[in-house]
Amino acid sequence: MTNNKYSYETKLEAIRLLNAGVSGRQIVKQLGLKSDGLIYTWRKHLRNGDYYRLSQPQGKQYKYNKGIAELPEAERHAREIDEMKQELEVVKKYLIKEGLW
């Protein structure tokens, strides 16, 4: 078995589809994910405002204080800005796709 790595954009797209009413199993097939449990975990992180958890490397860095919190303040801000830009890009793509942009 191999560990799969999913991009930040893929995770946001899976959450968007789930919130739009698409079933977890359909999303797994559509995006090629390992299981639908991942999507629900990602959505939980998003709802809790833990956006950094979606771009965090695999493992339990948050448990051992090796996540975004240990980075220098300037680096944390730069990452947060990058994440916000990525989120805006996903929203833009969705709005363009729906003909609302």
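Check the entry above for the structure.
Residues numbered from 1 in each chain as written. Predicted model: local features only at pLDDT ≥ 70, side-chain atom pairs only at ≥ 80, totals over all residues. Heavy atoms only, no water.

**Observations concerning the layout of surface pockets**
Next up, step 1: Empty space within the second largest pocket amounts to approximately 170 Å³.
Next up, step 2: If you go around the second largest pocket, the residues you meet are Leu 12, Ile 15, Arg 16, Asn 19, Leu 46, Tyr 51, Glu 87, Val 90, Val 91 and Tyr 94.
Next up, step 3: Only helix 1 (8-19) and helix 5 (73-97) provide two or more residues apiece to the lining of the second largest pocket.
Next up, step 4: Taken together, the residues that form the lining of the second largest pocket break down as 7 nonpolar, 1 polar and 2 charged. (1 Å grid on protein atoms, 1.4 Å probe; cavity = no way out; pocket = protein on both sides within 12 Å on 5 of 7 lines; lining within 4 Å. Points joined across faces, edges and corners; volume = space filled by probe spheres on them. Helix = DSSP H or I, 4+ residues; strand = E, 2+ residues; numbered from the N terminus. Nonpolar A, V, L, I, M, F, W, Y, C, P; charged D, E, K, R; others polar.)

**Some points on helix 5**
Next up, step 1: Between its terminal C-alpha atoms helix 5 stretches 36 Å, which fits the 36 Å expected from 25 residues at 1.5 Å a residue.
Next up, step 2: Every buried residue of helix 5 is accounted for by Glu 83, Glu 87 and Val 90.
Next up, step 3: Looking at the packing, one finds that the buried side of helix 5 touches helix 1 and helix 4 (52-55).
Next up, step 4: In the segment just after helix 5, Gly 99 is the residue with positive phi, at about 75°. (Expected span 1.5 Å × (residues − 1). Buried < 20%, exposed > 50% of the residue type's maximum accessible area, 1.4 Å probe, protein only. Contact = heavy atoms within 4.5 Å.)

**Digging into the nonpolar core**
Next up, step 1: In terms of nonpolar packing, the biggest core is built from 14 residues, with Leu 12, Ala 14, Ile 27, Leu 33, Ile 39, Trp 42 and Leu 54 touching the most fellow members.
Next up, step 2: At the level of elements, helix 1, helix 2 (24-31) and helix 3 (37-47) are the ones that each hand at least two residues to this core.
Next up, step 3: Of all the elements, helix 1 adds the most residues to this core, at 6 residues. (Core = buried A, V, L, I, M, F, W, Y, C linked by side-chain atoms within 4.5 Å.)

**Overview of the pattern of salt bridges**
A side chain of one charge can pair with a side chain of the opposite charge if their charged atoms are brought near each other.
Next up, step 1: The final tally for this structure, using the stated rule, is 3 salt bridges.
Next up, step 2: A salt bridge links Arg 16 to Glu 13, with the shortest nitrogen-to-oxygen separation between them at 2.7 Å. Here Glu 13 and Arg 16 lie together in helix 1, a separation of 3 residues that amounts to about one turn.
Next up, step 3: Between Lys 92 and Glu 89 there is a salt bridge, with its nearest N and O atoms 3.7 Å apart. Placement of the pair is Lys 92 and Glu 89 together in helix 5, with a separation of 3 residues, close to one helical turn.
Next up, step 4: On the basis of relative accessible area, Glu 89 is assigned to the partly exposed category, the value being 38%. (Salt bridge = Lys/Arg side-chain N within 4 Å of Asp/Glu carboxyl O.)

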